[in-house]
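The chain contents come next:
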Number of protein chains: 2
Amino acid sequence: MKIAVDAMGGDLGPQEIVKGVIEALKEYDVSILLVGKKEILSNILSNYNYDRNRLEILNADEEIVMTDSPLAALRQKKNSSIAIGLDAVKKGDARCFVSTGNTGAVMAAATIKLKLIKGIERAGIATVLPNAKKSVTILMDVGASVDSKPEHLLHYSIMASEYAKIILNKSEVTVGLLNVGEEETKGNELAKDTFVLLKKCLPNFYGNVEGRDIYKAKTDVVICDGFTGNTILKVSEGLAETLFDMIREGIKEKLQYKIGALLLKPFFKKFKKTISYSEYGGASLLGVNGYVIICHGRSTYIAIKNAVRVSLNFCKQNVNDSISEKINALSQFR
Amino acid sequence: MKIAVDAMGGDLGPQEIVKGVIEALKEYDVSILLVGKKEILSNILSNYNYDRNRLEILNADEEIVMTDSPLAALRQKKNSSIAIGLDAVKKGDARCFVSTGNTGAVMAAATIKLKLIKGIERAGIATVLPNAKKSVTILMDVGASVDSKPEHLLHYSIMASEYAKIILNKSEVTVGLLNVGEEETKGNELAKDTFVLLKKCLPNFYGNVEGRDIYKAKTDVVICDGFTGNTILKVSEGLAETLFDMIREGIKEKLQYKIGALLLKPFFKKFKKTISYSEYGGASLLGVNGYVIICHGRSTYIAIKNAVRVSLNFCKQNVNDSISEKINALSQFR
């Protein structure tokens, strides 16, 4: 299985991404197409020993940066690593594209180049969050699109369900609709209209769930519009970081605390790993003909390595075929 | 200063609320109008010694429960503790109404009975969240209304600013608009339109902020629609609880961790207090002619005591007068 990895665009630079890719080659049965500026990448790679039959550089002269407007960047930078990497997937040279780049640009380029799966109106991003049941909850959409319609949320529910079955290794999963209360009549216009549609068309619909239920693992999947989903991700990130900073600061106050913290250090290290996004290998863009994983801009080499692992799983199980099938079956409910 | 406290409606029962009120009487220069079923309250009060000149029962035969539809409950239960308590504020028998009851019912009843402040189209709920700067960030709206218009968010910005000045004891505060990115062009339709309006009409507007900035304390106030705000509160609550549960579970694994945890126990106790909503004494309903504090259904007696403290502050400083003044001044920007 060959995976294309965007070597540009990460906040930590191409060195970090190359390091992640080298680690992935060691651990998994995978071939890598490393997309980016050939000279820079060759230079970095010269520091490593690796199986040259399984790693190839695909030159891309241009780079889309975080401040670029997605659509303008795609028009002006035809040879960006994002465009070249997605072309490789389109041509069948790679099965999946992994990028730490500008989310908007990756999503727009993927929609244009790979096209939407038949029957799907809008692609969306699914991510996983650790939960109280020592598992993960799948949250979708987390920022692909901000003005959603009920129909989009129905499609997200179907896509996220198929995705969740693979991630959680379950044959059946439940979907909750994020709302401000559990009652059917709660919520804004979008939530109320979506509730009616999901109740009618989604056999695995659980009902409304609230923000706290994402972490309490009430359902396997939680669906919301991209504005809310993106906010949930960022609030969670900010709160977890702030709590840890407060703990770090606070334990300096007394010797007793310092000793306690020292004893607990290995625990906290493991714990931070459990709740770290790095472990989950990025978020998946669902709804396009092809596999695309979008990683956090701040991804470390471990996150990159894990993204390669997730993308392998993703491709092997043909999520998109199951999604197509379920979307086609939707007509029976209309 | 006389404060009306709704003794019914809390998840922990009237005993807990009475206990909080008795504590408040001991600590603050306040008189209490305890609203609820007279017989039940007299019975509970007979267990306490307190200054009878400063505590009076106001009988309310009916009770609005969480599962009641707010508007139907107001029509059918004319003698609910919520209705009677708000009437007391309207008549001037109390300066503020504190309730742990059904948020929707309190808000609807307050809007009907106390009426909106002239120029304000919709009331909203402001709350405080602990932040990384050892202070609090004011978040509004957290669930009063779910389909907001830009004009509503402008009014929330003004109301929350005046409220924040008192809570933070600052003469100037900054307001951030919650969005999925910092750039002006980001966001859903509501966020984009609101950005333009705030930029034009709100002198203390900072610009867009993201979910993580609430806890990083980038601005004093963060404004969003009630659906998003409510989700932020509940996600934060769920995440913090889940993290603590995970820590509690995890430290059982090894003796070394258990000893470490024991040494850190006083720290964690203090820390949980820092981030507990109980300490902040509830959320404030802003925009009506009168002072109303809405407490969490699960409020402990400490939360009730603190709500009385906050309501005293709130009334003494005449927040509503400053709000009226600023809303009137808005016309100069049009």
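Residues numbered from 1 in each chain as written. Chains lettered and ligands numbered in written order. Predicted model: local features only at pLDDT ≥ 70, side-chain atom pairs only at ≥ 80, totals over all residues. Heavy atoms only, no water.

## Describing the overall build of chain A
In terms of helices and strands, chain A carries 12 helices and 11 strands. The globule rule puts the C-alpha radius of gyration for 334 residues at 20 Å, and the 21 Å found for chain A is close to it. Dimensions of chain A, computed from the C-alpha atoms along their principal axes, are close to 60 × 60 × 35 Å. For chain A, the proportion of its 334 residues judged to be buried stands at 58%. (Helix = DSSP H or I, 4+ residues; strand = E, 2+ residues; numbered from the N terminus. Rg over C-alpha atoms; globule rule 2.2 N^0.38 Å. Buried < 20%, exposed > 50% of the residue type's maximum accessible area, 1.4 Å probe, protein only.)

## What about the relation of the copies chain B and chain A?
The operation relating chain B to chain A is a screw motion whose rotation component is 180°, with 0.0 Å of axial translation and a residual RMSD of 0.1 Å. The symmetry that links the two subunits is that of a two-fold axis. Scanning chain B for the C-alpha nearest the rotation axis identifies Gly260 of chain B, at a separation of 1.8 Å. In this assembly, 98% of the residues forming the interface of chain B have copies in chain A that are likewise at the interface, indicating an isologous arrangement. (Least-squares fit on C-alpha atoms with pLDDT ≥ 70 in both. Contact = heavy atoms within 4.5 Å.)

## With respect to the interface of chain B and chain A
Listed per partner, the contact involves 52 residues of chain B and 51 residues of chain A. Buried surface at the junction of chain B and chain A, both sides included, amounts to about 4900 Å², of which 71% is carbon and sulfur. When the area that chain B buries against chain A is broken down by residue, the three leading residues are Phe227, Lys234 and Phe267 of chain B, summing to 13%. Lys216 of chain B serves as the salt-bridge partner of Glu241 of chain A, at 2.5 Å between the closest nitrogen and oxygen. At the junction of chain B and chain A, the tally comes to 16 residue pairs in polar contact (both at pLDDT 80 or more). If you list the elements that add at least two residues to the side of chain B that touches chain A, you get α7 (189-201), α8 (211-216), α9 (226-250) and α10 (255-274) of chain B. Ranked by the residues each element gives to the side of chain B that touches chain A, the list is headed by α9 of chain B, at 19 residues. (Buried area = accessible area lost by both parts, 1.4 Å probe. Salt bridge = Lys/Arg side-chain N within 4 Å of Asp/Glu carboxyl O. Polar contact = N/O pair within 3.5 Å; in protein donor to acceptor, adjacent residues only side chain to side chain.)

## Examining the sheet that holds strand β8 (residues 205-209) of chain B
Residue and element names in this part refer to chain B. Read across the open sheet, the 11 strands follow the order β3-β2-β1-β4-β11-β10-β5-β6-β9-β7-β8; overall the sheet is mixed. The open sheet terminates on both sides in strands that have one partner only, identified here as β3 (55-59) and β8. In this sheet, adjacent strand axes meet at a mean angle of 25° when their direction is disregarded. The sheet contacts of helix α2 (residues 38-45) involve β2 (31-36) and β3, and relative to β3 the element is tilted by about 155°. (Pairing = 2+ DSSP bridges. Axes fitted to C-alpha atoms, helices over the stretch in contact; angles between N-to-C directions.)

## Notes on the domain arrangement of chain A
Residues and elements named next belong to chain A. Along its sequence, chain A is organised into domain 1 (2-117 + 288-317) and domain 2 (124-277). Spacing between the C-alpha centres of domain 1 and domain 2 amounts to 26 Å. The interface of domain 1 with domain 2 comprises nine residues on the first partner and seven residues on the second. A per-residue breakdown of the area domain 1 buries against domain 2 is headed by Met107, His296 and Arg298, which together make up 47% of the total. Inspection of the domain 1/domain 2 interface yields two salt bridges. (Domains from an automatic or database assignment.)

## Examining the side chain of Asn230 of chain A
Relative to the assigned elements, Asn230 of chain A resides in helix α9 (residues 226-250). With relative accessibility at 12%, the residue Asn230 of chain A sits in the buried group. For Asn230 of chain A, the side chain forms a polar contact with the side chain of Lys234 of chain A, separated by 2.8 Å. Discounting chain neighbours no more than four positions away, the residues touching Asn230 of chain A are Asp141, Val142 and Gly143 of chain A together with Val180 of chain B.

## Describing the packing of helix α6 (residues 150-168) of chain A against helix α7 (residues 189-201) of chain A
Residues and elements named next belong to chain A. Close contact between α6 and α7 brings their axes to 9 Å; oriented N to C, the two are set at 50°. Taken together, the axis directions place α6 and α7 in an arrangement best described as oblique. Note that α6 runs across α7; the crossing there is right-handed. Every residue of α7 that contacts α6 at Pro150, Glu151, Leu153, Leu154 and Ser157 is listed here: Leu190, Asp193, Thr194, Leu197, Leu198 and Cys201. Broken down by class, the residue content of the contact of α6 with α7 amounts to seven nonpolar, two polar and two charged. (Parallel < 35°, antiparallel > 145°, perpendicular 65-115°, else oblique. Left-handed = near helix turned anticlockwise from the far one by under 90°. Nonpolar A, V, L, I, M, F, W, Y, C, P; charged D, E, K, R; others polar.)

## Section: the pairing of strand β7 (residues 175-178) of chain B
All names here are of chain B. Burial of the side chains of β7 extends over both faces: Val175 and Leu177 are buried on one face and Gly176 and Leu178 on the other. Pairing analysis gives four bridges linking β7 to β8, with the strands arranged parallel. By the bridge assignment for β8, Leu177 is matched with Asn208. In this fold, β7 hands off to α7, which returns the chain to β8; that crossover is right-handed. Note: β7 against strand β9 (residues 221-223), three bridges, orientation parallel. Each bridged residue has a counterpart across the sheet, and for Leu177 the counterpart in β9 is Ile223. (Right-handed = clockwise from strand over helix to strand, strands pointing away.)

## Describing α9 of chain A
Here α9 of chain A is 25 residues long and its end C-alpha atoms lie 36 Å apart, about the 36 Å a rise of 1.5 Å per residue gives. Its side-chain oxygen 3.1 Å from the backbone nitrogen of Phe227 of chain A, Asp225 of chain A forms the N-cap of α9 of chain A. (Expected span 1.5 Å × (residues − 1).)

## Some details on the sheet that holds strand β9 (residues 221-223) of chain A
Residues and elements named next belong to chain A. Across the sheet, which stays open at both edges, the 11 strands sit in the order β3-β2-β1-β4-β11-β10-β5-β6-β9-β7-β8 with mixed pairing between neighbours. In the strand order of this sheet, the two ends are held by β3 (55-59) and β8 (205-209), each with one partner. Each adjacent strand pair in this sheet contributes to an overall mean axis angle of 25°, direction not counted. Sheet analysis places strand β5 (residues 124-130) next to strand β6 (residues 136-140), joined by five bridges and oriented antiparallel. Considered in β6, the bridge of Pro130 is made with Val136.

## Examining the environment of Lys19 of chain A
All names here are of chain A. Following the sequence through the fold, Lys19 ends up in helix α1 (residues 13-27). Linking Lys19 and Tyr301, residues 282 residues apart in sequence, is a C-alpha distance of 5.7 Å. With residues up to four places along the chain from it excluded, the contact list for Lys19 reads Tyr48 and Tyr301.

## A closer look at the side chain of Asn320 of chain A
Residue and element names in this part refer to chain A. Here Asn320 lies in helix α12 (residues 319-329). With a relative accessible area of 9%, Asn320 lands in the buried category. Sequence-distant contacts of Asn320, that is, excluding residues within four places in its chain, are made with Ile117, Val288, Asn289, Gly290 and Tyr291.

## Describing the pattern of salt bridges
Per the stated rule, a full pass over the model turns up 38 salt bridges over all chains. Residue Glu182 of chain A is joined to Lys218 of chain A by a salt bridge in which the shortest nitrogen-to-oxygen separation is 2.6 Å. Remark: Lys218 of chain A occurs in the loop between α8 (211-216) and β9 and Glu182 of chain A occurs in the loop between β7 (175-178) and α7; sequence separation between them is 36 residues. Taking the relative accessible area as the measure of exposure, Glu182 of chain A reaches 42% and is therefore partly exposed. The class of Lys218 of chain A is partly exposed, set by a relative accessible area of 31%. Where Asp51 of chain B meets Arg54 of chain B, a salt bridge forms, and the shortest distance between an N and an O atom there is 3.9 Å. Within this structure, Glu210, Arg212 and Lys216 of chain A together with Lys234, Glu237, Glu241 and Arg298 of chain B form a network of salt bridges that share partners.

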